[in-house]
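Residue-level listing of the chains:
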Amino acid sequence: MGLSINYYIAPPGYALERFLDDCAAAGATGVGLTERALEEVALPDLKRMLDERGLAVSSVNSAGFFLWGDAARAQRQVAINAALIEAAAVLCAGTLVTIGGGLGDLGTERPGDLARARRAVDAALPELCAAAEARGVRLGLETMHPIRIPTKSTVNTLTQAEALCGAHPGLGFILDVFHSWWDPDLEPVLARSIARLTLVQLSGVAQPRDPALLPARCPLSQGCVDTTELLRLLAQCGYGGPYEFELFAHELAGASVADAIRRAVDDFAALAAA
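Residues numbered from 1 in each chain as written. Predicted model: local features only at pLDDT ≥ 70, side-chain atom pairs only at ≥ 80, totals over all residues. Heavy atoms only, no water.

1. Remarks on the pairing of strand β3 (residues 56-64)
Stage number 1. A large share of β3 lies buried, amounting to 8 of its 9 residues.
Stage number 2. With 5 bridges connecting them, strand β2 (residues 30-34) and β3 associate as parallel partners. Bridge assignment links Leu33 to a residue of β3, and that residue is Val60.
Stage number 3. Pairing between β3 and strand β4 (residues 96-99): 3 bridges, direction parallel. Residue Val60 lies in a different strand from β4, and its bridge partner there is Leu96. (Buried < 20%, exposed > 50% of the residue type's maximum accessible area, 1.4 Å probe, protein only. Helix = DSSP H or I, 4+ residues; strand = E, 2+ residues; numbered from the N terminus. Pairing = 2+ DSSP bridges.)

2. Notes on helix α3 (residues 43-53)
Stage number 1. When α3 is considered as a whole, its buried residues turn out to be Leu46, Met49, Leu50 and Arg53. Looking straight down α3, one finds its buried side chains confined to an arc of 95 degrees; they lie on one side. Across α3 from its buried face, at more than 90 degrees, point the exposed residues Pro44, Asp51 and Glu52.
Stage number 2. Elements that come into contact with the buried residues of α3 comprise α1 (16-26), β2, α2 (35-40) and β3.
Stage number 3. The first or second residue beyond α3 is Gly54, which carries a positive phi of 65 degrees. (Arc of directions from axis to C-beta. Contact = heavy atoms within 4.5 Å.)

3. As for the packing of aromatic side chains
Stage number 1. Under the defined criterion, the tally for this structure stands at 4 aromatic pairs.
Stage number 2. With 5.4 Å between their ring centres and 90 degrees between their planes, Tyr239 and Tyr243 make a pair best called edge-to-face.
Stage number 3. The structure contains a cluster of three or more aromatic residues connected by ring pairs, namely Tyr239, Tyr243 and Phe268. (Phe/Tyr/Trp six-rings, centres within 6.5 Å; stacked < 30°, edge-to-face > 60°.)

4. A word on the nonpolar core
The nonpolar side chains of a soluble globular protein tend to be buried with one another.
Stage number 1. Formed by 84 residues in total, the largest nonpolar core has its most connected members in Ile5, Ile9, Phe19, Leu33, Leu202 and Leu234.
Stage number 2. For this core, the element with the highest residue contribution is helix α10 (residues 257-273), accounting for 7 residues.
Stage number 3. If near-sequence neighbours (up to four positions away) are discounted, Leu202 is found in contact with Leu3, Val177, Leu220, Thr227, Leu230, Leu231, Tyr243, Glu244, Phe245, Glu246 and Phe268. (Core = buried A, V, L, I, M, F, W, Y, C linked by side-chain atoms within 4.5 Å.)

5. A look at the pattern of salt bridges
Between side chains of opposite charge, a pair can form as their charged atoms come close.
Stage number 1. According to the stated counting rule, one finds 14 salt bridges in the structure shown.
Stage number 2. The partner of Asp45 in a salt bridge is Arg48, and the shortest N-O contact between them spans 4.0 Å. With Asp45 and Arg48 both in helix α3, this residue pair falls 3 residues apart, about one helical turn.
Stage number 3. Residue classification places Arg48 among the partly exposed residues on the basis of a relative accessible area of 40%.
Stage number 4. Here Glu229 and Arg232 are joined by a salt bridge, their closest N and O atoms 3.5 Å apart. Of this pair, Glu229 and Arg232 both sit in helix α9 (residues 227-237), separated by 3 residues, roughly a single helical turn.
Stage number 5. Looking at Glu229, the relative accessible area reads 41%, which means it is partly exposed.
Stage number 6. When its relative accessible area of 44% is taken as the criterion, Arg232 is described as partly exposed.
Stage number 7. Here the salt bridges share partners, and the residues they tie into one network are Glu17, Asp21, Asp45, Arg48, Glu52 and Arg53. (Salt bridge = Lys/Arg side-chain N within 4 Å of Asp/Glu carboxyl O.)

6. Here we look at the environment of Leu171
Stage number 1. Position of Leu171 relative to the elements: it lies in the loop between α6 (158-167) and β6 (172-176).
Stage number 2. Residues Leu171 and Thr154, spaced 17 residues apart in sequence, show a C-alpha to C-alpha distance of 17 Å.
Stage number 3. Excluding its chain neighbours within four sequence positions, the residues that come into contact with Leu171 are Leu125, Cys129, Arg138, Leu139, Leu141, Leu164, Cys165 and Arg196.

7. Comments concerning the sheet that holds strand β7 (residues 197-202)
Stage number 1. Pairing within the closed barrel is parallel, and its 8 strands lie in the order β1-β2-β3-β4-β5-β6-β7-β10. The mean inter-strand angle of the sheet, taken between neighbouring strand axes irrespective of direction, is 30 degrees.
Stage number 2. Lying on the sheet, helix α4 (residues 71-90) is in contact with β3 and β4; it crosses β3 at an angle near 165 degrees.
Stage number 3. Its contacts with the sheet put α6 on β5 (139-142) and β6, and the angle it makes with β6 is roughly 165 degrees. (Axes fitted to C-alpha atoms, helices over the stretch in contact; angles between N-to-C directions.)

8. Side note on the pairing of strand β1 (residues 3-6)
Stage number 1. Residues Leu3 and Ile5 point to one face of β1 and Ser4 and Asn6 to the other, with burial holding for every one of them.
Stage number 2. Sheet topology places β1 next to strand β10 (residues 243-245); 3 bridges connect them, and they run parallel. Following the sheet pairing, Leu3 is matched in β10 by Tyr243.
Stage number 3. Pairing analysis gives 3 bridges linking β1 to β2, with the strands arranged parallel. Residue pairing in the sheet places Asn6 in a bridge with Gly32 of β2.
Stage number 4. Chirality of the crossover, the property in question, places the unit of β1, α1 and β2 among those that are right-handed. (Right-handed = clockwise from strand over helix to strand, strands pointing away.)

9. Some remarks on α1
Stage number 1. All of the buried residues along α1 are Leu16, Phe19, Leu20, Asp22, Cys23 and Ala26. Taken end-on, α1 shows its buried residues confined to a sector of 155 degrees, consistent with a single buried face.
Stage number 2. In this structure, the buried residues of α1 make contact with β1, β2, α2, α3 and α10.
Stage number 3. The first or second residue beyond α1 is Gly27, which carries a positive phi of 90 degrees.

See the structure below:
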């Protein structure tokens, strides 16, 4: 098994080519690409740069965001989604990460909006699925911790994602360990629906004891997640897809990007071999 690295780890101004060099030097097998990465380099040049370094694309991030109440912003999102589908197709990405959108996207929130938002995501998925299928792109619906309901997603449990996958042929789901490691249905969902799992995003999860502080991503060898046991479970269920390390630039804690990537690759190899 190899490890892919998501470009979210690179701070603004950190050149994409430098990031790709860091990944190749560390022995990473692929990368996850963001909108910022796609804006920096034209797709043909990016494909060439990836091929020269032997790097696959595990994910393109992130389409979806179906809940915009502002008509102009919703139309802009349609254009963004189309561009991301095209990028995922050209780069042969394993997954186009798909995020439902948060309650705040609706504008003024009212009681009952959560149920309405979830119905809206369900209703919007067929059009995006059809557009992705036409270009040979696999969508991976990302489940997010309930604390992200206001800002990012109303799809919050793996059981929700599994049900949506069952309702929409061709739709897959993502396991982001940071968001879903705690989910009590993790094991049964993986056992039932491993064929729909398109990507596993890994990180350590640091949970401060101070209730005023939120959980944070950290190196794979730290935090409260038993990554070795999770890797065993995934192998037992028959998962053969990519693993991607996702740490955001503000979580580097003083480490350089190159050192953080190298540590992630080394940690993953040690945890997978344990």
